[in-house]
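Here's the letter readout for the chains.
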Amino acid sequence: MKRPLAYITAHWGDNEFENTENAAKYCRLVYEAGFSPVCPLLFLPLFLKDSIPQEHKDGSDMARDYLRRASVLVVCGGTVDEAMKNDIAVAERLRITATTLDGILTVKGQGREDGGKKGA
């Protein structure tokens, strides 16, 4: 089965460890819903130095390119910041479906006999 690409966006705070943990959790849930998650926060910092202006710009450009290739934008978390609003606007301009993580999980759960409740 070919899984459609799902770009993950969320409000990322100052704690890089918490951000990484949340991003991995979001990606796992999106994967379990049948998508191939793409979350630049998980891999771009491994080789780009955000403190170098050109590398910061390159990282932003690469992230935007991944979004352009995605079938869906998945908005995660309870807070929407400016970066997320920009991702949503780009997705809308490119006619890429935008939904929430809860939306993806709700739709996936509709095909289950127990209404999507795990362990029921």
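Residues numbered from 1 in each chain as written. Predicted model: local features only at pLDDT ≥ 70, side-chain atom pairs only at ≥ 80, totals over all residues. Heavy atoms only, no water.

Brief notes about the overall build of the protein chain
Then comes step 1: Each helix and strand in the protein chain was counted, giving 5 helices and 4 strands.
Then comes step 2: Secondary structure elements of the protein chain, listed N to C terminal, follow the sequence β-α-β-α-α-β-α-β-α.
Then comes step 3: Relative to its length of 120 residues, the protein chain is compact, with a C-alpha radius of gyration of 15 Å against a globular reference of 14 Å.
Then comes step 4: Taking the principal axes of the C-alpha coordinates as reference, the protein chain spans close to 50 × 30 × 30 Å.
Then comes step 5: Per-residue burial for the protein chain yields a buried fraction of 30% across its 120 residues. (Helix = DSSP H or I, 4+ residues; strand = E, 2+ residues; numbered from the N terminus. Rg over C-alpha atoms; globule rule 2.2 N^0.38 Å. Buried < 20%, exposed > 50% of the residue type's maximum accessible area, 1.4 Å probe, protein only.)

Brief notes about the nonpolar core
Then comes step 1: Within the largest apolar cluster, 15 residues are counted, with the highest numbers of intra-cluster contacts made by Ile-8, Val-30, Phe-35, Val-74 and Cys-76.
Then comes step 2: Taken together, the elements giving at least two residues each to this core come down to strand 1 (5-10), helix 1 (16-32), strand 3 (72-76) and helix 5 (101-109).
Then comes step 3: With 4 residues, helix 1 is the largest single contributor of residues to this core.
Then comes step 4: Contact partners of Cys-76, with chain neighbours within four places excluded, come to Ile-8, Thr-9, Ala-10, His-11, Tyr-26, Met-84 and Leu-101.
Then comes step 5: Grouped together as the second largest cluster of nonpolar side chains are 12 residues, Tyr-7, Ala-63, Met-84 and Val-90 included. (Core = buried A, V, L, I, M, F, W, Y, C linked by side-chain atoms within 4.5 Å. Contact = heavy atoms within 4.5 Å.)

Focus: the pairing of strand 4 (residues 97-100)
Then comes step 1: Bridge count for strand 3 against strand 4 is 4 bridges, and the pairing is parallel. Residue pairing in the sheet places Val-75 in a bridge with Thr-100 of strand 4.
Then comes step 2: Where the polypeptide runs from strand 3 across helix 4 (residues 82-93) and back to strand 4, its parallel neighbour, the crossover connection is right-handed. (Pairing = 2+ DSSP bridges. Right-handed = clockwise from strand over helix to strand, strands pointing away.)

Here we look at unusual backbone geometry
Then comes step 1: In the Ramachandran plot, Arg-95 falls in the positive-phi region, its phi being about 60° despite a non-glycine side chain.
Then comes step 2: Topologically, Arg-95 is positioned in the loop between helix 4 and strand 4.
Then comes step 3: Owing to a relative accessible area of 77%, Arg-95 belongs among the exposed residues under this scheme.

Structural notes on the side chain of Asn-19
Then comes step 1: Looking at the secondary structure, you find Asn-19 in helix 1.
Then comes step 2: For Asn-19, a relative accessible area of 9% gives the class buried.
Then comes step 3: One polar contact links the side chain of Asn-19 to the main-chain carbonyl oxygen of Gly-13, over a distance of 2.8 Å.
Then comes step 4: Ignoring any residue separated from it by four or fewer positions in sequence, one finds Asn-19 in contact with Trp-12, Gly-13 and Leu-41. (Polar contact = N/O pair within 3.5 Å; in protein donor to acceptor, adjacent residues only side chain to side chain.)

Notes on the pattern of salt bridges
Then comes step 1: Within the structure shown, the criterion is met by 5 salt bridges.
Then comes step 2: A salt bridge links Asp-87 to Arg-64; the shortest N-O distance between them is 2.7 Å. One end of the pair, Asp-87, is in helix 4; the other, Arg-64, is in helix 3 (residues 53-69), and 23 residues separate them in sequence.
Then comes step 3: Given the relative accessible area of 7%, Asp-87 is considered buried. (Salt bridge = Lys/Arg side-chain N within 4 Å of Asp/Glu carboxyl O.)

Observations concerning the sheet that holds strand 2 (residues 36-38)
Sheets are built from strands that pair by backbone hydrogen bonding, the pairs being arranged parallel or antiparallel.
Then comes step 1: Taking strand neighbours across the sheet as the criterion, the 4 strands line up as 2-1-3-4 in an open arrangement whose pairing is parallel. If you trace the sheet from one side to the other, it starts and ends with strand 2 and strand 4, each paired once. Across the sheet, the mean angle separating the axes of adjacent strands is 30° when strand polarity is ignored.
Then comes step 2: Of the strands in this sheet, strand 1, strand 2 and strand 3 touch helix 1, which is tilted by about 150° from strand 1.
Then comes step 3: Against the sheet, helix 4 engages strand 1 and strand 3, with an angle of about 160° to strand 3. (Axes fitted to C-alpha atoms, helices over the stretch in contact; angles between N-to-C directions.)

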